[in-house]
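# Coordinate analysis (summary)
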Amino acid sequence: MINIKLIGVTKRFGTITAVDNIDLNVERGEFFTILGPTGAGKTTTLKLIAGLLKPDEGEIYFDGQLVNDVPPEERDIGFVFQGYALFPHMTVWENVTYGPLVRGMDPEKVERIGREILSKVHLLERADSYPHELSGGMQQRVALARALASGSKLLLLDEPLSALDARLREELRFELRNIVKETGATAIQVTHDKYEALQLSDRIAILRKGKVVQVDTPVNLFTKPNSIFVANFICDMNFFEGIVKKVDEEGSIIQLRGGLLVKTLDRTHKFGERVVVAIRFEDVEIKPEEVEHPYSIYGKVERISFLGPFIRIEALLDNGEEVSVKLPATIGYRFELGDRITVNFEPTKIIVYSYPRAGLAEELIVE
Ligand SMILES: Nc1ncnc2c1ncn2[C@@H]1O[C@H](COP(=O)(O)OP(=O)(O)O)[C@@H](O)[C@H]1O
Ligand SMILES: [Mg+2]
């Protein structure tokens, strides 16, 4: 187990600042995920930790030791990186057992670990194959098995499950976490898949344009996203611009476009302030008729998407804005295209953000 600390780390490629002054602290034995859209700087961050790239600024510490000048092969890391291939002249078995054998692990133990990990990634029967005889997804599983078997105290995994089909990917998520926890290694995983991050991780760092915007547990990230960007990236959220019309002990009243009023529990924003009201798709209450209520909002069903166990309804509100609602399919069946509806935003479910300086649309761009 090892603790990893980054302080003020920056990496530039020409005029691009791929990693911009980031601080991270990954605890011993933690399964830590770096999550963000494509181009956010995730792979670069991982390569800096691996020593495959050198930071322009900042320090990287392993267990309190500065490693900026330690070459990758001396950092004792098991990794899965795109573009760092398997040993082509070695069989699957040799690839997976190479690390622990070189490390001087007892051959019987190597045999046991090799079999155990290969069977968990469903490749034990392919132990004698060479990498070129395997599909891309299989090669990725071998690379993962090799990292997991390496006995390294630190695992760096760049989109380790990305080449797998959905079913296997879900299964291996749990295996990956279990194996990492059994070995006691510290693991830092990179992904752009929020579900993968939420399911696997002890904590997640959200990266945006080279900067860390929030670090938290999956539950806290999901329930308390600290910005519109994170809320939009992690949750399925509706956002509406508004103005605070009243603040009292109970909360606030916010006026949306077209004069619609929304009641919230938020008291952190002032009278007259421009804000954004956020509510998750699954938290919007919807009725298939017009129901009178001081905070009812009316609209019309524009689109219905069947998502298996869920149905997503997109409706055009009478103020010209759209709202998305996610319902269990059994309830969603009651709605039809063109239906007049009533929606309610339950005050406890609303999050209120300050209106972003660059505008709302800018915060909703996922890149
Ligand atoms: N070797 C490189 N040379 C030039 N630009 C690079 C290089 N590697 C990454 N970048 C740029 O740095 C930014 C971050 O890239 P990367 O870390 O690969 O993002 P992610 O893994 O989050 O998709 C991108 O704009 C990318 O084009
Ligand atoms: Mg990447």
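Conventions used here
- Residues numbered from 1 in each chain as written.
- Chains lettered and ligands numbered in written order.
- Predicted model: local features only at pLDDT ≥ 70, side-chain atom pairs only at ≥ 80, totals over all residues.
- Heavy atoms only, no water.
- Helix = DSSP H or I, 4+ residues; strand = E, 2+ residues; numbered from the N terminus.
- Expected span 1.5 Å × (residues − 1).
- Contact = heavy atoms within 4.5 Å.
- Pairing = 2+ DSSP bridges.
- Axes fitted to C-alpha atoms, helices over the stretch in contact; angles between N-to-C directions.
- Domains from an automatic or database assignment.
- Buried area = accessible area lost by both parts, 1.4 Å probe.
- Nonpolar A, V, L, I, M, F, W, Y, C, P; charged D, E, K, R; others polar.
- Buried < 20%, exposed > 50% of the residue type's maximum accessible area, 1.4 Å probe, protein only.
- Polar contact = N/O pair within 3.5 Å; in protein donor to acceptor, adjacent residues only side chain to side chain.
- Near = heavy atom within 4 Å.
- Areas by Shrake-Rupley, 256 points an atom, 1.4 Å probe, with all protein chains shown as cover.
- Salt bridge = Lys/Arg side-chain N within 4 Å of Asp/Glu carboxyl O.

### Some thoughts on helix H3 (residues 107-120)
Given a rise of 1.5 Å per residue, 14 residues ought to cover 20 Å, and the 20 Å separating the end C-alpha atoms of H3 matches this to within 8%. Its buried side turned inward, H3 meets helix H2 (92-102), helix H4 (136-149) and helix H5 (166-183). Among the residues trailing H3, His122 stands out with phi positive, at a value near 60°.

### A word on the sheet that holds strand E8 (residues 186-191)
What the six strands build is an open sheet, ordered E6-E7-E8-E3-E9-E10; its pairing is mixed. Either end of the sheet is taken by a strand with one partner, and the two such strands are strand E6 (77-80) and strand E10 (211-216). Averaged over all pairs of adjacent strands, the angle between strand axes in this sheet comes to 15°, irrespective of strand direction. Across five bridges, the pairing between strand E9 (residues 203-208) and E10 is antiparallel. Bridge pairing in E10 places Leu207 opposite Val212. On top of the sheet, helix H1 (residues 42-50) reaches strand E3 (31-35), E6, strand E7 (154-158), E8 and E9; it is set at about 155° to E7, its chief contact.

### What about the side chain of Thr342?
Inspection of the secondary structure assignment puts Thr342 in strand E19 (residues 340-345). Here Thr342 is in contact with Glu285, Ile286, Lys287, Glu289, Glu290, Val291, Ser296, Ile297 and Tyr298, once residues within four sequence places are set aside.

### Observations regarding the domain arrangement of the chain
For the chain, the domain assignment lists domain 1 (4-228) and domain 2 (238-359). Look at where the C-alpha atoms of domain 1 and domain 2 centre, and you get two points 39 Å apart. Taken residue by residue, the interface counts six residues in domain 1 and eight residues in domain 2. Counting the surface lost from both domain 1 and domain 2, the interface buries some 500 Å², and carbon and sulfur atoms represent 63% of this. Three residues stand out in domain 1 for area buried against domain 2, namely Phe222, Pro225 and Ile228, and they jointly supply 83% of the buried area on that side. The residue makeup of the side of domain 1 that touches domain 2, split by class, is three nonpolar, three polar and no charged.

### Topic: the side chain of Asn95
By the secondary structure assignment, Asn95 is in helix H2. Under the relative-accessibility criterion, Asn95 is labelled buried at 0%. For Asn95, the side chain forms a polar contact with the side chain of Arg146, separated by 3.3 Å. Each residue touching Asn95, except ones within four places of it in the same chain, is listed here: Leu86, Phe87, Met90, Pro131, Val142 and Arg146.

### Looking at the site of ligand 1
Ligand 1 sits among Phe13, Ile16, Ala18, Pro37, Thr38, Gly39, Ala40, Gly41, Lys42, Thr43 and Thr44. Between ligand 1 and Ala40, the relevant distance is 3.1 Å, taken from an oxygen atom to a main-chain nitrogen or oxygen of the residue. Lys42 has a polar side-chain atom sitting 2.8 Å from an oxygen atom of ligand 1. The protein chains hide 58% of the 560 Å² of surface that ligand 1 would expose on its own. Ranked by residue count, the leading element in the shell around ligand 1 is H1, at three residues.

### Side note on the pattern of salt bridges
In this structure the tally under the stated criterion is 25 salt bridges. The salt bridge involving Asp20 is made with Lys211; its shortest N-O contact spans 2.7 Å. Of the two residues, Asp20 sits in strand E2 (residues 16-26) while Lys211 sits in strand E10, which places them 191 residues apart along the sequence. The exposure class of Lys211 is partly exposed, given its relative accessible area of 41%. For Lys54, the salt bridge identified is with Asp69, shortest N-O distance 2.8 Å. On the criterion of sequence distance, the pair formed by Lys54 in the loop between H1 and strand E4 (57-62) and Asp69 in the loop between strand E5 (65-66) and E6 is long-range, its members being 15 residues apart.

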